[in-house]
Amino acid sequence: MSENSVNTLAPAADDLFWQANSELITESDEQLARIVDQADLPALLAAIAAATSNTAILAEELRPPLTPVDTKNHPHGGMGEEAVLKGKAVALSGLIQLRDQQITATPALQPQAAEEILAYLSNGHSEWADMLKHELSILPENSGAPTWQYEDFAAAGKEFTALIVGSGVAGIAAAHRFAQAGVPFEIIEASARLGGTWQKNKYPGVRLDTPTFGYSYSFAQKADWPHQFAQGEEVREYLETVAAKAGLSGEIQYGTRLISATWDEAAGQWEAVISQDGNGAETRRFNALISASGQLDIPNIPEFPNRDKFAGIQMHSQEWDSSVDWRGKKVAVIGTGASAYQIVPAIYQDVEELVVFQRNAPWMLPAPAYHQEVSETFSWLVRKVPHYAQWFRLWTTVLGIPGRFHTVRAEENWPQAPLSVSRKNHQVREELIDLLREQFEGHPELLKHAIPSYPPGAKRMLRDNGVWAQALKAEHSTLEVSPIAEFTETGIMTADGVHHEVDIVIYATGFKPSDYLDGIEIVGREGLRIHDYWQADARAHNGVTVPGFPNFFMVYGPNVGGVVAGSLHFMLERASEYALKAIHEVLKRDAKALTVTQEALGRFTAWVDAENRQMAWGQPYVRTWYQNSKGRVSQVWPFTNIEYWEATESVRPDEHEFLR
């Protein structure tokens, strides 16, 4: 890395988007009252308490109870009517104080005050406090930034370099943390631009299916997001801005692919074979290898008979050809998962005919604001209440800790299986079916096929604001549930003998997420290839390390994906921080490398597998992409962020072998 590649953070925070001051509040009492009426109270009260250095306003009676969410979110975290009224009065008084005293910044937050605010937001869950501090960049001493510097070891003659593979969400997280520690590294990217999945997926309608503020780094807390669920280009722009602010943009070697990496036991290094722009290959050596190549990256296109005979256009959602004009054409969309749910509503009004091929109907959670911009009230709060965006992001994190786990935990011998897994799960099923009945009123055939035959939560649940049903109900739309028999020159023939003539086929058929490191040969100790070790069943301790592969770290590896709770960015940051902790241990011990023991991986895998078997997606009658070809759930983290915080808090020496 170049000497100037690490962004110099404001001394007050570990935040690339840090803004020390907000705008002055000039609005009248009446205007402020209207703002309070539309505000999310817990986040606002926390921000006011911090800005005014008055945590006494966070009375016990105003604590959000964090009522579990079944299908629809509870305003203010489930606060009762009386608490809401009192909370609004307190918030209005606080905004008036900010205005009258011209407070535009939050003073240094003392530890006791931080504890009290966190206790308020988390309804007294003190066991969440340390993890929440990690997400609160206003407390720099508790952030995820490394507390050690490589230069201290370099001064003693210790040399160490790392290779980071990938510049998507995971790679950027790893590179920033490594840069903060001053650990020399190179970062390579096979594509021509950074961004990973957000650089590759540019199909119509692409956007987040999680609330925007829950999809950002703790060290890059952007405040002025325009949409409640960010559009794809907004996420791409965010990642590019993060890389620029962190000084990483010029360090990424684009068009550069890792072909193989072989562990040299004697040297204690990885021998990496790297190809740049397809022009031959060169060998480089590194002390550590960081895989940040992602999960949802390898397109899954089923081998339909005679697919090559089709004379029209075919493309996977991730390989969208923007030069293709689909308007006025007959279009087939194969699949009804996350990408189809976004593509179909985005194109249906402008195509001549649309046929959607469905194998399994998706479950969808209500999200009325799915396509909405952030409100004027929210924008005002972000601009004028000191660090409101940071507190709102933290509030989003708090709500995501328990998530919807209570709705997907299976009850033993539940009589309604395989339609549901528990009493609560069945209740959720009935509530979602009621919503589908409203959306498909007057269309009984569509309704029949819109109701999934598996438990809610067993597969990825989409976000629903009615546009899916609207698209399928259009006169020129057809929902096809008969299996595809074969392709023809002009279209697709189904098993029941119906031929659909189409001009364009869009594969919204997802990815091969369990094929970790597909296309890359990783050779560890004694010549062991990682794919031979895994035998199509990828496993990694904490989702990061693999026995027999020293100083090899995965960011977003097996079993760390959250599906009903948690934060992707938290998991990625913690994996990166865990890798740095491991490297720190190696340097401190003057070792060449460390490798996790088979026993430690076995305990970790048994723990995760046991919990996954208790969930809807782990039931024997469920088939989902969460499972690998061996039938084991290899994608999903069945716990909350709190358990991952604890698992990655330290690198336990008794679980590792240090190589010298």
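What you see is a predicted model, and the numbers here were worked out from it, not measured in a lab.

Calculation rules
- Residues numbered from 1 in each chain as written.
- Predicted model: local features only at pLDDT ≥ 70, side-chain atom pairs only at ≥ 80, totals over all residues.
- Heavy atoms only, no water.
- Core = buried A, V, L, I, M, F, W, Y, C linked by side-chain atoms within 4.5 Å.
- Buried < 20%, exposed > 50% of the residue type's maximum accessible area, 1.4 Å probe, protein only.
- Helix = DSSP H or I, 4+ residues; strand = E, 2+ residues; numbered from the N terminus.
- Contact = heavy atoms within 4.5 Å.
- Phe/Tyr/Trp six-rings, centres within 6.5 Å; stacked < 30°, edge-to-face > 60°.
- Lys NZ or Arg CZ within 6 Å of the ring centre and 35° of its normal.
- Pairing = 2+ DSSP bridges.
- Axes fitted to C-alpha atoms, helices over the stretch in contact; angles between N-to-C directions.
- Polar contact = N/O pair within 3.5 Å; in protein donor to acceptor, adjacent residues only side chain to side chain.
- Salt bridge = Lys/Arg side-chain N within 4 Å of Asp/Glu carboxyl O.

Q: Hey, could you run me through the nonpolar core in this one?
A: The nonpolar side chains of a soluble globular protein tend to be buried, and buried together. Leu44, Leu95, Tyr217, Tyr388 and Trp391 are the most contacted members of the largest nonpolar core, which has 162 residues in total. In terms of residue count, helix H18 (residues 568-588) provides more of this core than any other element does, 11 residues in total. Excluding anything up to four places from it in sequence, Tyr388 contacts Asp40, Ala43, Leu44, Ala47, Phe378, Leu381 and Val382. By size, the runner-up hydrophobic cluster in this structure holds 25 residues, among which are Leu163, Trp534, Met554 and Ala593.

Q: Would you take a moment to explain the packing of aromatic side chains for this structure?
A: How two aromatic rings sit relative to each other is set out by the distance from centre to centre and by the angle between their planes. For the coordinates displayed, the defined rule picks out 29 aromatic pairs. Summarising the aromatic geometry, the rings of Trp617 and Tyr626 are spaced 6.2 Å apart at their centres and angled 85° between planes, so their arrangement reads as edge-to-face. For the pair formed by Trp617 and Tyr626, the shared burial category is buried. Three or more aromatic residues joined by ring pairs make a cluster, and in this case those are Phe17, Tyr217, Phe219, Trp225 and Tyr238. Sitting over the ring of Tyr370, Arg207 keeps its end group 5.6 Å from the ring centre. Over the ring of Tyr454 we find Lys459, and its NZ or CZ is 4.7 Å from the ring centre.

Q: Looking at this structure, I do not really get the sheet that holds strand E14 (residues 484-487). What am I missing?
A: Strands in a sheet are paired, the pairing made by backbone hydrogen bonds, and the direction either parallel or antiparallel. With antiparallel pairing, the three strands of this open sheet are ordered in space as E14-E15-E16. Since the sheet does not close on itself, it has two edges, and those belong to E14 and strand E16 (499-501), each with one partner. Each strand of the sheet is rotated relative to its neighbour by a mean of 25°, with strand direction disregarded. In this structure, strand E15 (residues 491-494) lies alongside E16, joined through three bridges in antiparallel fashion. Considered in E16, the bridge of Met493 is made with His499.

Q: Please clarify how the environment of Asn300 should be interpreted in this entry.
A: You can see Asn300 is positioned in the loop between strand E7 (288-291) and strand E8 (313-316). By relative accessible area, Asn300 is classed as partly exposed at 26%. Separated by 107 residues in the primary sequence, Asn300 and Arg193 have C-alpha atoms spaced 22 Å apart. When near neighbours in sequence (up to four residues on either side) are disregarded, Asn300 contacts His316, Thr509, Gly510, Phe511 and Lys512.

Q: How do you make sense of the side chain of Glu27 when you look at a structure like this?
A: Mapped onto the fold, Glu27 is located in the segment before helix H1 (29-38). Polar contacts involving the side chain of Glu27 include one to the side chain of Trp380, which spans 3.0 Å. Sequence-distant contacts of Glu27, that is, excluding residues within four places in its chain, are made with Leu32, Arg99, Trp380 and Lys384.

Q: Looking at this structure, I do not really get the pattern of salt bridges. What am I missing?
A: Two side chains that carry opposite charge are able to pair once their charged atoms sit near each other. Applying the stated criterion across every chain yields a total of 40 salt bridges. The salt bridge partner of Asp29 is Arg99, with a shortest N-O separation of 2.8 Å. Taken as a pair, Asp29 in helix H1 and Arg99 in helix H3 (residues 81-100) lie far apart in primary sequence, 70 residues in all. In this structure Asp29 comes out as partly exposed when scored by relative accessible area, which is 34%.

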